Amino acid sequence: MTQTIYGKTEGLKKQVLTQLEGIYELRADEGQLISQELALVLRDLSDAINREISLYIDRKGRVTAVAVGSDCHVELPGTDSRRSQNRLCGVACIHTHPSGAPRLSGVDLSALRDLRFDAMAAMAWETPQSEPLLSFGMITDLDEDQQPVLQEFGPFKVKDVAAMPFGNVVHTVEKILAKRSRNHNLAEGPERAMLISLAWGDTASRWSAQDSVEELAQLAETAGAEVVGKFVQSRPKPDPVFFIGKGKVQEMALFAQQEDIDLCIFDDELSPAQQRNLERALGVRIIDRTGLILDIFAKRARTSEGKLQVELAQLQYMLPRIMGQGTSLSRLGGGIGTRGPGETKLEVDRRRIRDRIAFLEDQIRRMKGNRKQQQRARNKNEVKQVCLVGYTNAGKSTLLNTLTHSDIYAQDQLFATLDPTTRQLDLPDGSSCTLTDTVGFIQRLPHQLVAAFKSTLEVVKDADLLLHVVDSSHELAREQTEAVYQVLQELGVTDKPILTVYNKVDRLSQHEGLRRRLEQEDNALCISARTGEGVPELLETLARLLGQDRVEADLCIPYGESRLAARLHEEAQVLSEEYGETGILIRARMDKALADRLAPYIQP
């Protein structure tokens, strides 16, 4: 994850910038405005540089932005949090006053009103050793003109602020705003979602229903939802009508009404009939895990091919559900599960959808032909190809950036990469190869996506070596590895050479035993793409594995056959070249096949 320091960073020492970046690693508890530890770090750093520091904290307690200003002003970074008349933006802004009082200025209150922060807080202290004091302002109501009513609280001691039930206060405020708001538009704010998972079948698996619903929560947040509740229902098998059983549906309907739920997401693929029955019973829109993942892909698609592939997958998923979709029929309201092919696709009939599917398949086939032509050019030039594969959010894009000094999009979020990206990688032995980043896999990856993205994933089939990137710090790393191998098996590439790369080992400082076990595995390396630890060893290993079928030889090419020297320059790595009495003396590194063809010219 990129840890950007916004604002006026000129003149700050590298050590100070490193300390500022370290703020991103700190967290408040969920429901806290700020923790004591975070407040003291802010005090010490702000006092040391005599500048204002501001940061954003989301409702999970995560620091999402850090900015530095002058001794009396700090420019706030932008926030992409969605907000509406009856919702706050989901982020609190806290800033320091190193030479002032813990009171909010007019500028602070304007920012609170315009950006609809959960809270705007100002922190100050008398001496570098004294406990900071903090005041904060909140939007607490709407007036008759639907304009925010602001109220300031404090100053309080930081330890008292840390003990406040801030999350409950925010929830209450949003309930008040919802009642006051005249026009509630779903598309303006994050959708309030409840998640439901069914525990059935193999309950002995380490990948429990609870683990799966936690991953579903990450997917929902990636799609832009606010997760209000998570539920796991145990049954011997799914109910054919309501999936989770009629009794549980009645309980969930009451929860949805009490908590103003907009969307219910199921952790399994529902049949069209089950989806319709649940919508009627719960009174909210229903999507399943497959629909959610398809929506994220629609949101992330950037290239023309990626958009075509996502649309194809969505139409194939939609086709059996086109009749009687009930609450989810209209796309005009927007929201999760409705992005993608367009706003009127659900109103077209089955014949037109099938026609569109046929058209998309034809377009993707043509793009596949163009890719095959590029592949033939690489094969002709004997360029070695390495492909990054792995579970989503394992750090593949960060590793590609580290190895190739690139700057592709890499974030700590699910499915940050959708379209494949290829870069040249220079190896320590002087050779080079291509390194391709691919879409991350996930457990129960929708078969529609695997089929639609088959042409894109053919880059995996063409690779000479697969780098399987594993998040070694994840408690379900083994289960994630199994999910990746299932997809690779579906693609028919498990017979290719695979080097396992255990990433994020910098997070294993408390688990030295685990790290030692990982380091002892065959065909595996431990690295940290973020810190660079283990990267030189990875490059050496890549050079060795890709160079196993290459030899180094001295050749004497007669002057009458100088075309062979030109061929060496094109197809091999020329290490040295001299002009002797009988011919051109060349030392080159080349494939064994080429060396066999030039055997008559190789010097003993």
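Everything in this summary refers to the structure shown in the same document. What you see is a predicted model; the values in this text were computed from it and never measured. (Residues numbered from 1 in each chain as written. Predicted model: local features only at pLDDT ≥ 70, side-chain atom pairs only at ≥ 80, totals over all residues. Heavy atoms only, no water.)

### Quick look at the packing of helix H12 (residues 396-404) against helix H17 (residues 535-546)
Put simply, the test is: Angular values range over 0 to 180 degrees, each being the angle between N-to-C directions of two axes fitted as lines to C-alpha atoms, with helices fitted over their stretch in contact. Put simply, DSSP H or I for four residues or longer makes a helix, DSSP E for two residues or longer makes a strand, and each gets a number counted from the N terminus. In these notes the angle categories are as follows: under 35 degrees is roughly parallel, over 145 is roughly antiparallel, 65 to 115 is roughly perpendicular, and the rest is oblique. Any two residues whose heavy atoms approach within 4.5 Å are treated as being in contact. Under the scheme applied, nonpolar residues are Ala, Val, Leu, Ile, Met, Phe, Trp, Tyr, Cys and Pro; charged residues are Asp, Glu, Lys and Arg; polar residues are all the others, including Gly.
One can describe the packing of H12 onto H17 by two numbers: an axis separation of 11 Å at closest approach and a directional angle of 80°. As far as their axial angle goes, H17 and H12 are roughly perpendicular. Every residue of H17 that contacts H12 at Leu-399, Thr-402 and Leu-403 is listed here: Val-535, Leu-538 and Leu-539. Residue composition of the contact of H12 with H17, grouped by class: five nonpolar, one polar and no charged.

### Comments concerning the state of the cysteines
Formally: Working definition: a disulfide is two cysteine sulfur atoms within 2.5 Å of each other. Residue exposure (1.4 Å probe, protein chains only): buried if accessible area is under 20% of the type maximum, exposed if over 50%, otherwise partly exposed.
Counted under the stated rule, the structure contains zero disulfides. Free cysteine: Cys-93, not disulfide-bonded; nearest cysteine sulfur from Cys-89 at 9.3 Å. Taking relative accessible area as the criterion, Cys-93 reaches 0% and is therefore assigned buried.

### Remarks on the packing of aromatic side chains
Centre distance and the angle of the planes are the two values used to describe a pair of aromatic rings. Quick note on the threshold: Here is the rule: rings of Phe, Tyr and Trp (six-membered ring for Trp) pair when centre to centre is within 6.5 Å. Planes less than 30 degrees apart are stacked, more than 60 are edge-to-face, and the remainder are tilted.
Throughout the structure, instances matching the rule amount to seven aromatic pairs. Between Phe-136 and Phe-166, the ring centres sit 6.4 Å apart and the planes meet at 90°, which makes this aromatic pair edge-to-face. Pair noted here: Phe-136 is in strand S6 (residues 133-142) and Phe-166 is in helix H5 (residues 166-180), with a separation of 30 residues, a long-range link. Like Phe-136, the residue Phe-166 is buried in the burial classification. Members of the aromatic cluster, connected to one another through ring pairs, are Phe-136, Phe-153, Phe-156 and Phe-166.

### Here's the deal with the pattern of salt bridges
Threshold: For salt bridges, the criterion is a side-chain nitrogen of Lys or Arg within 4 Å of an Asp or Glu carboxyl oxygen.
All chains considered together, the criterion is met by 22 salt bridges. Between Glu-259 and Arg-192 there is a salt bridge whose closest N-O contact spans 3.6 Å. Of this pair, Glu-259 sits in the loop between helix H7 (246-258) and strand S10 (263-266) while Arg-192 is found in strand S8 (residues 192-199), placing the two residues 67 residues apart along the sequence. Across the salt bridge formed by Asp-554 and Arg-587, the nearest N and O atoms sit 2.7 Å from each other. Residue Asp-554 is located in strand S18 (residues 550-558), and its partner Arg-587 is located in strand S20 (residues 583-591); the two are separated by 33 residues in the primary sequence. By relative accessible area, Arg-587 is classed as partly exposed at 35%. Three or more residues are tied together by salt bridges with common partners; here these are Arg-59, Asp-118, Glu-174, Arg-192, Glu-226 and Glu-259.

### Describing the packing of H7 against helix H8 (residues 272-282)
Cut-off, in case you're wondering: Two helices crossing with the near one rotated counterclockwise from the far one by less than a right angle form a left-handed crossing, whereas a clockwise rotation gives a right-handed crossing.
Contact geometry for H7 and H8: axes closest at 9 Å, N-to-C directions at 50°. Taken together, the axis directions place H7 and H8 in an arrangement best described as oblique. In this structure, H7 meets H8 at a crossing whose hand is right-handed. Contact residues: H7 offers Val-249, Met-252 and Ala-253, while H8 offers Leu-278, Ala-281 and Leu-282. Of the residues belonging to the contact of H7 with H8, the class tally is six nonpolar, no polar and no charged.

### Details of the environment of Gly-22
Within the secondary structure layout, Gly-22 lies in helix H1 (residues 14-22). The class for Gly-22 is partly exposed, based on a relative accessible area of 29%.

### Overview of unusual backbone geometry
Among all residues except glycine, the phi angle is most often negative; among peptide bonds, the trans geometry is most common. A cis amide bond, omega 10°, links Gly-154 with the succeeding residue Pro-155. In this structure, Pro-155 sits in strand S7 (residues 148-157). Although it is not a glycine, Arg-116 sits at a positive phi angle of roughly 55°. Relative to the assigned elements, Arg-116 resides in the loop between helix H3 (106-115) and strand S5 (119-124).

### Focus on the sheet that holds strand S11 (residues 285-288)
For clarity, the threshold we go by: Strand pairing is assigned whenever DSSP detects at least two bridges linking the two strands.
If you walk across this open sheet you meet the four strands as S9-S8-S10-S11, and the pairing is parallel. With one partner strand each, in any of the chains shown, strand S9 (226-234) and S11 form the two edges of the open sheet. For this sheet, the mean angle separating the axes of adjacent strands, direction not counted, is 20°. Pairing of S8 with S9 involves eight bridges; the strand directions are parallel. The partner of Ala-199 across the bridge, within S9, is Ser-234.

### Focus: the side chain of Thr-404
Put simply, the rule reads: Any N or O atom pair separated by 3.5 Å or less is treated as a polar contact, with the protein-specific requirement of one donor-capable and one acceptor-capable atom, and with residues adjacent in sequence counted only for side-chain atom pairs.
Following the sequence through the fold, Thr-404 ends up in helix H12. Overall, the relative accessible area of 13% leaves Thr-404 in the buried class. Here Leu-400 takes part through its backbone oxygen, which lies 2.6 Å from a polar atom of the side chain of Thr-404. A distance of 2.7 Å separates the side chain of Thr-404 from the side chain of Ser-406, its partner in a polar contact. Ignoring sequence-local partners within four residues, the contact set of Thr-404 consists of Arg-423, Gln-424, Leu-425 and Leu-435.

### Some words on the sheet that holds S5
Across the sheet, seven strands lie side by side as S1-S3-S2-S4-S5-S6-S7; this open sheet has mixed pairing. In the strand order of this sheet, the two ends are held by strand S1 (5-7) and S7, each with one partner. With strand direction ignored, the average angle separating the axes of adjacent strands in the sheet is 20°. In this sheet, S5 lies alongside strand S4 (residues 91-96) in parallel orientation, the contact comprising five bridges. Residue pairing across strands places His-95 opposite Ala-122, the latter belonging to S5. Packed on one face of the sheet, H5 meets S5 and S6 and runs near 25° to S6.

### A short note on the pairing of S6
S6 sits mainly inside the fold: nine of its 10 residues count as buried. In this sheet, S6 lies alongside S5 in antiparallel orientation, the contact comprising five bridges. In the strand pairing of S6, Ala-124 is matched with Leu-133. Relative to S7, S6 is paired through eight bridges, and the arrangement is antiparallel. In the strand pairing of S7, Gly-137 is matched with Glu-152. Here S6 folds back onto S7 in antiparallel fashion, the turn holding five residues, of which Gln-146 has a positive phi close to 65°.

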